Amino acid sequence: MKTFQRIAVVMTVPLLFLIPYFLFFSGGATEQQKPTANTPNIAGMIKTDKDERKDLVISKQRFESKTLTALDNKTKIQNSMHYLMHTPSKPWPEGIKFPLIVHLNDHNDTTYSAEYITQNQMGLAFPAFSMIPDIRGLYSETIIPPVESRSMRGTSFTIDKLNNPIKVVNFEELRSESKKILDPLMKLINNVKDEYPVDDKRIYIIGCGFGGATLFNLIEKNPNYFASAVIISSAWDTQNSRNFTATPMLLLTGKNNATFPSFAARSFADNVNGNGGKVAYQAYESMPYTCSYKQFYSSTVWKWMFAQDRP
């Protein structure tokens, strides 16, 4: 028996050293945050082979167009917010509540996450309410790429390989621009939560690019509301890092993201985790600013999201 145990140990030890190798290199990731007790190891979570990076043609046939009109308590003016709503297939079992996913589109008005999660197979595997608030036009042209001039207010630039200026966002401007939508957006989310059988401990949010910036600002102002957040191709500053520690976050970006630089995303993740937060971060080699790669919306991402709930 002792001889058998010694043989088993000898055979197992090399395998233990090989496991991290396969986990890391299977996903094509080149920069990943070192996992801690609070940050899940997501290496290899998403494959990003070039032949699999395909744009998705958005179809909103599965969504109902709706409008919420509410009184602004400060201005006493009736404001309307339009949104698209998708519901799980009926009949809904009595007494069962579903998660709610808030999808925030980028500045091009694309919401790939909502399209993927409501497809037939995904919808059956992850039944949930999905809402897309209409935040088009939220950000002024002064902070949205591409640009042709270096003279725009509050903007810094990097230079690409062709010596062309690439715009890098100004986080204070993003914070200021999206601030005006935060209260109406929270009213809309709460209205949907009350109208449908929503599990208020499983309200999730996902955003890409400038939608990700709105997401960051929303959590910053409502730090204990969402059960988890997925942020794609975006970043935030470390000004109020402690406000993010209560929300598990999955932050995925590309190392060639010149609009929301990966070093800013990494700095945010490190700072939040240093304050006891739970941000899982990963940057991918040669990936630019994009929202359309289908691997961002794989079943693994949704499994991670749906595994979270608010205390």
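Since the structure is predicted, the reported quantities are computational estimates derived from the model, not experimental observations.

### Observations regarding the environment of arginine 266
Link 1 in the chain: As for its placement among the helices and strands, arginine 266 is situated in helix H6 (residues 262-274).
Link 2 in the chain: The partly exposed category is assigned to arginine 266, whose relative accessible area is 23%.
Link 3 in the chain: Through-space distance from the C-alpha of arginine 266 to that of tyrosine 281 is 7.0 Å; in sequence the pair is 15 residues apart.

### Some remarks on the pairing of strand E10 (residues 249-256)
Link 1 in the chain: Burial of E10 is extensive: six of the eight residues sit out of reach of the surface.
Link 2 in the chain: Summarising the sheet, strand E9 (residues 228-232) and E10 pair through four bridges and their orientation is parallel. Considered in E10, the bridge of valine 230 is made with leucine 250.
Link 3 in the chain: In the sheet, E10 pairs with strand E11 (residues 279-288) via seven bridges, with the strands oriented parallel. Each bridged residue has a counterpart across the sheet, and for asparagine 256 the counterpart in E11 is proline 288.
Link 4 in the chain: You can see the chain leave E10, run along H6 and come back into E11, and the turn it takes is right-handed.

### Examining empty space enclosed by the protein
Link 1 in the chain: Applying the stated criterion to the full structure yields two cavities of 30 Å³ or more.
Link 2 in the chain: One number sums up the size of the largest cavity: a volume of about 50 Å³.
Link 3 in the chain: Lining the largest cavity are Leu104, Asn105, Asp106, Thr110, Thr111, Tyr112, Ser113, Ile206, Gly207, Cys208, Ile232 and Tyr297.
Link 4 in the chain: Elements with a contribution of two residues or more to the lining of the largest cavity: helix H2 (112-117) and strand E8 (198-208).

### Examining the layout of surface pockets
Link 1 in the chain: Taken as a whole, the second largest pocket holds about 240 Å³ of empty space.
Link 2 in the chain: Lining the second largest pocket are 15 residues, with His86, Pro88, Ser89, Gly123 and Leu124 sitting closest to its centre.
Link 3 in the chain: If you tally residues by element for the lining of the second largest pocket, the top one is helix H3 (residues 120-125), at three residues.
Link 4 in the chain: A per-class count over the lining of the second largest pocket returns six nonpolar, eight polar and one charged.

### What about the packing of aromatic side chains?
Link 1 in the chain: The tally for this structure, following the rule as stated, stands at 18 aromatic pairs.
Link 2 in the chain: Between tryptophan 92 and tyrosine 196, the aromatic rings sit 6.5 Å apart at their centres with planes inclined by 70 degrees, giving edge-to-face as the arrangement. With tryptophan 92 in the loop between strand E3 (78-86) and strand E4 (98-104) and tyrosine 196 in the loop between helix H4 (171-195) and E8, this pair connects stretches of sequence that are 104 residues apart.
Link 3 in the chain: A relative accessible area of 24% means that tryptophan 92 is categorised as partly exposed.
Link 4 in the chain: The class for tyrosine 196 is buried, based on a relative accessible area of 12%.
Link 5 in the chain: With 5.7 Å between their ring centres and 90 degrees between their planes, phenylalanine 98 and phenylalanine 129 make a pair best called edge-to-face. In this pair, phenylalanine 98 sits in strand E4 while phenylalanine 129 sits in strand E5 (residues 129-133), placing the two residues 31 residues apart along the sequence.
Link 6 in the chain: An aromatic cluster is defined as three or more aromatic residues linked by ring pairs; in this entry it consists of Phe171, Phe216, Trp236, Phe244 and Phe268.

### Quick word on H4
Side chains that are three or four residues apart share a direction in an α-helix, a result of its 3.6 residues per turn.
Link 1 in the chain: Counted at 1.5 Å a residue, the expected span for H4 with its 25 residues is 36 Å, and the 34 Å between its end C-alpha atoms agrees.
Link 2 in the chain: The largest bend along H4 reaches roughly 40 degrees and is located at lysine 179.
Link 3 in the chain: By the N-cap criterion, in which a side-chain oxygen at the helix start approaches the backbone nitrogen of a residue two or three places on, H4 is capped by asparagine 170, the distance to glutamate 172 being 3.0 Å.

### Remarks on the packing of H4 against helix H5 (residues 210-221)
Link 1 in the chain: Axis separation between H4 and H5 bottoms out at 9 Å; the angle between their running directions is 70 degrees. Classified by the angle their axes make, H4 and H5 are roughly perpendicular. The two elements H4 and H5 cross, and the hand of that crossing is right-handed. Of H5, the residues touching H4 (which contributes Leu174, Arg175, Ser178, Lys179, Ile181, Leu182, Leu185, Met186 and Ile189) are Phe210, Ala213, Thr214, Asn217, Leu218, Glu220 and Lys221.
Link 2 in the chain: When grouped by side-chain class, the residues that make up the contact of H4 with H5 number nine nonpolar, three polar and four charged.

### Topic: the confidence of the model for the protein
Link 1 in the chain: Residues with a pLDDT of 70 or more make up 67% of the protein, whose mean pLDDT is 75.
Link 2 in the chain: Overall, residues 1-30 carries pLDDT values under 50, and its contacts beyond four positions in sequence, including any with other chains, amount to 22 contacts.
Link 3 in the chain: For residues 34-58, every residue scores under 50 in pLDDT, and the model assigns this stretch 63 contacts once sequence neighbours within four places are set aside.

### Some words on the state of the cysteines
Link 1 in the chain: One pass over the structure, following the stated rule, counts one disulfide.
Link 2 in the chain: Between the sulfur of cysteine 208 and that of cysteine 291 lies a disulfide, 2.0 Å long from S to S. Every disulfide takes its handedness from the sign of the S-S torsion; for cysteine 208 and cysteine 291 that torsion is -100 degrees, giving left-handed. Here cysteine 208 is found in strand E8, whereas its partner cysteine 291 is found in the loop between E11 and helix H7 (299-306), with 83 residues between them in sequence.
Link 3 in the chain: Residue cysteine 208 is classed as buried on the basis of its relative accessible area, which comes to 6%.

Rules behind the numbers
- Counting from 1, residues in each chain are numbered in the order their sequence is written.
- Residue-level local features of this predicted model are given only where pLDDT is at least 70; pairs of side-chain atoms are given and counted only at 80 or more, and the full residue set underlies all totals for whole chains, interfaces and linings.
- Based on all heavy atoms of the structure, the side-chain values leave hydrogens and waters out of the count.
- Put simply, DSSP marks the helices as runs of H or I at least four residues long and the strands as runs of E at least two long, and each gets a number from the N terminus on.
- Think of it in three bands: with a 1.4 Å probe and only protein chains considered, a residue is buried below 20% of the maximum accessible area for its type, exposed above 50%, and partly exposed in between.
- For two strands to count as paired, DSSP must find a minimum of two bridges between them.
- Here the term right-handed applies to a crossover when the path leading from its first strand over the helix to its second strand runs clockwise, the strands being oriented away from the viewer.
- A pocket here means an open set of points on a 1 Å grid, computed over the protein atoms alone, that has protein on both sides within 12 Å along at least five of seven lines. A cavity is instead a set of points where a 1.4 Å probe fits but cannot get out; residues with an atom within 4 Å of a point line either one.
- Grid points are joined across faces, edges and corners, and a volume is the space filled by probe spheres set on the points.
- Three categories are distinguished: nonpolar for Ala, Val, Leu, Ile, Met, Phe, Trp, Tyr, Cys and Pro, charged for Asp, Glu, Lys and Arg, and polar for the others, with Gly belonging to the last.
- In this scheme Phe, Tyr and Trp rings, the latter by its six-membered ring, pair at centre separations within 6.5 Å, and the angle between planes marks the pair as stacked below 30 degrees, edge-to-face above 60, and tilted otherwise.
- The span you would expect from a helix comes to 1.5 Å times its residue count less one.
- Note that bend, as reported per residue, equals the angle between axes fitted to the 7 residues terminating at that residue and the 7 residues originating from it.
- Contacts described as polar in this section are N or O atom pairs within 3.5 Å, which, within protein, must combine one atom able to donate a hydrogen with one able to accept it, while residues neighboring in sequence count only if both atoms come from side chains.
- Fitting a line to C-alpha atoms yields each axis, with helices limited to the stretch in contact; the angle taken between N-to-C directions then spans 0 to 180 degrees.
- We call two directions roughly parallel when the angle between them is under 35 degrees, roughly antiparallel when it is over 145, roughly perpendicular when it lies between 65 and 115, and oblique otherwise.
- Take the far helix as the reference: if the near one is turned anticlockwise from it by less than a right angle, the crossing is left-handed, and if turned clockwise, right-handed.
- Residues count as neighbours in contact if any of their non-hydrogen atoms are within 4.5 Å of one another.
- As a per-residue quantity, pLDDT reports the predictor's confidence and falls between 0 and 100.
- Note that a disulfide, as used here, is simply two cysteine sulfur atoms within 2.5 Å.

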